[in-house]
Amino acid sequence: MNMIDLVRKNIKELKPYSAARYTESAESYEYLDANENPFGEWNRYPDPLQKKLKKKISGFKNICDSKIFLGNGSDEIIDLVIRTFCEPGVDAILSPEPGYGIYKTYSQINNVSYIPVLLNGDFSLNVNTIKQGITPNTKLIFLCSPNNPTGNCIPLSAIKSVLEIFKGIVFVDEAYIDFAEAKSAIELIDEYPNLIVSQTFSKAWGLAGLRLGMAFAQKEMVDILNKVKPPYNVDDFTQMYASKVIDEYDIVKEQIKYLNNQKNWLINELNNLSIISKVYPSDANFILIKTEFYRDMMIYLKENNIIIRDRSTQALCEQCVRITVGSQTQNKLLINLLKNFKSN
Ligand SMILES: *Cc1c(COP(=O)(O)O)cnc(C)c1O
């Protein structure tokens with residue numbers, strides 16, 4: 001299979017916009033090419049290909065920098081991949097549900113039909129249902145591992161099964177992989193030219209406000225995405241700051257350990273509350289719970305200054321809410337409030 005054949009014709013033929021300084025790397029010139037103001041601290045356009053930051057990520061993840069793509073959050077990467085491969089009004093996208101809502105929203109924005117297929121009752125991936133949902137127009141499959149909002153990982157063997165039956169693009173969203181013990185699907189990219197794996201600095205890395213997402217794929221895929229992306233999609237401050245945070249990974253690692261410990265404590269406490277009928281296991285930094293009293297519980301918590309996420313309208317998630325693991329103080333407050341929660 002040639003991955004290039006999956007790219008939309010107009011994108012394949014696109015001559016990319018050439019940003020000023022695209023090809024220059026030396027920093028000792030007098031720059032009079034990009035109509036910037038010569039004064040100030042943030043007056044220069046950022047590096048469009050984020051070379052320094054990619055080098056840093058390359059060393060950290062032990063992946064060649066030509067296989068790294070960076071986006072303005074991984075949400076931007078999701079949108080870019082749809083626009084690169086899916087012909088509006090023609091192609092279709094398939095994704096298991098319950099899942100991350102952005103896949104459907106961006107499909108609709110791009111006028112690409114979105115086909116949901118159900119996960120199994122225990123939220124595991126059903127490769128057969130996926131197989132049945134694939135049509136000749138299916139161009140892209142989104143898989144999310146650990147899955148939002150259910151919290152479970154998809155085993156690499158199941159991801160491989162999807163790659164074996166589907167020759168379009170398979171996008172594995174690993175926004176929460178840093179919290180999980182499971183192995184990343186990155187190890188499959190050399191084997192499958194149609195695989196793209198995304199991760200983010202927004203969750204475990206604590207940089208949601210900066211907007212930085214990563215994707216890992218073969219060089220051909222990265223090159224095409226670079227053609228389609230806005231030239232300056234990752235700003236200068238973000239490029240510098242993310243490098244600094246990678247240097248301080250020990251802090252992030254400690255926070256992940258802390259949050260996973262807090263998660264286990266929360267799961268234990270939630271399981272002791274009789275009003276909650278189910279606490280789902282989680283490989284992420286959130287917990288999905290089921291309770292018939294979810295509506296009143298959300299109102300009660302909000303009156304007490306705590307916001308949790310209603311997931312009850314999602315497939316297979318009737319009466320479910322999602323709770324993010326917070327600081328120990330926040331988690332204790334939550335549990336104390338729930339202990340005093342009287343459902344009518
Ligand atoms: C939070 C989240 C993202 C968003 O990541 P950004 O990098 O902040 O855009 C992507 N995928 C899933 C499944 C998420 O839950």
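The rules behind each value
Residues numbered from 1 in each chain as written. Predicted model: local features only at pLDDT ≥ 70, side-chain atom pairs only at ≥ 80, totals over all residues. Heavy atoms only, no water. Helix = DSSP H or I, 4+ residues; strand = E, 2+ residues; numbered from the N terminus. Near = heavy atom within 4 Å. Polar contact = N/O pair within 3.5 Å; in protein donor to acceptor, adjacent residues only side chain to side chain. Areas by Shrake-Rupley, 256 points an atom, 1.4 Å probe, with all protein chains shown as cover. Nonpolar A, V, L, I, M, F, W, Y, C, P; charged D, E, K, R; others polar. Pairing = 2+ DSSP bridges. Axes fitted to C-alpha atoms, helices over the stretch in contact; angles between N-to-C directions. Contact = heavy atoms within 4.5 Å. Core = buried A, V, L, I, M, F, W, Y, C linked by side-chain atoms within 4.5 Å. Buried < 20%, exposed > 50% of the residue type's maximum accessible area, 1.4 Å probe, protein only.

(A) Quick look at unusual backbone geometry. A cis geometry characterises the amide bond from Glu97 onward to Pro98, with omega recorded as 5°. For Pro98, the location among the structural elements is in the loop between β2 (92-97) and α4 (102-109). That bond from Asn148 to Pro149 is cis: its omega, 15°, falls within 30 degrees of zero. As for its position among the elements, Pro149 is in the loop between β4 (138-144) and α6 (156-165). Backbone geometry at Asn305 places phi at a positive 75°, although glycine is not the residue there.

(B) Molecular detail of the site of the ligand. Looking at the ligand, there are 13 residues lining it, with Ser74, Asp173, Thr200, Ser202 and Lys203 nearest. Take Ser74: an N or O atom from its main chain is 2.6 Å from an oxygen atom of the ligand. Between Thr200 and the ligand, the recorded distance is 2.5 Å, taken from a side-chain N or O atom to an oxygen atom. Burial of the ligand by the surrounding chains reaches 94%, relative to a free accessible area of 390 Å². Across the shell around the ligand, the residue classes break down as four nonpolar, five polar and four charged.

(C) Up close: the sheet that holds strand β3 (residues 113-118). An order of β1-β7-β6-β5-β4-β2-β3 is seen for the seven strands of this open sheet, with the pairing classed as mixed. Two strands in the sheet have a free side with no partner beyond their single neighbour: β1 (68-71) and β3. Averaged over all pairs of adjacent strands, the angle between strand axes in this sheet comes to 25°, irrespective of strand direction. Taken strand by strand, helix α2 (residues 51-61) contacts β1, β6 (195-200) and β7 (213-216), and its axis lies near 125° from that of β1.

(D) How the structure looks around the nonpolar core. Ranked by size, the top nonpolar core spans 76 residues in total, and within it Ile57, Leu143, Ile159, Leu195, Leu270, Ile289 and Leu301 carry the most contacts. Residue contributions to this core peak at six residues, all from helix α9 (residues 249-271). Other than its neighbours up to four places away in sequence, Leu270 contacts Ile276, Val279, Ile287, Ile289, Ile335 and Leu338. Formed by 31 residues, the second largest nonpolar core is a distinct cluster that contains Leu80, Phe85, Phe142 and Met221.

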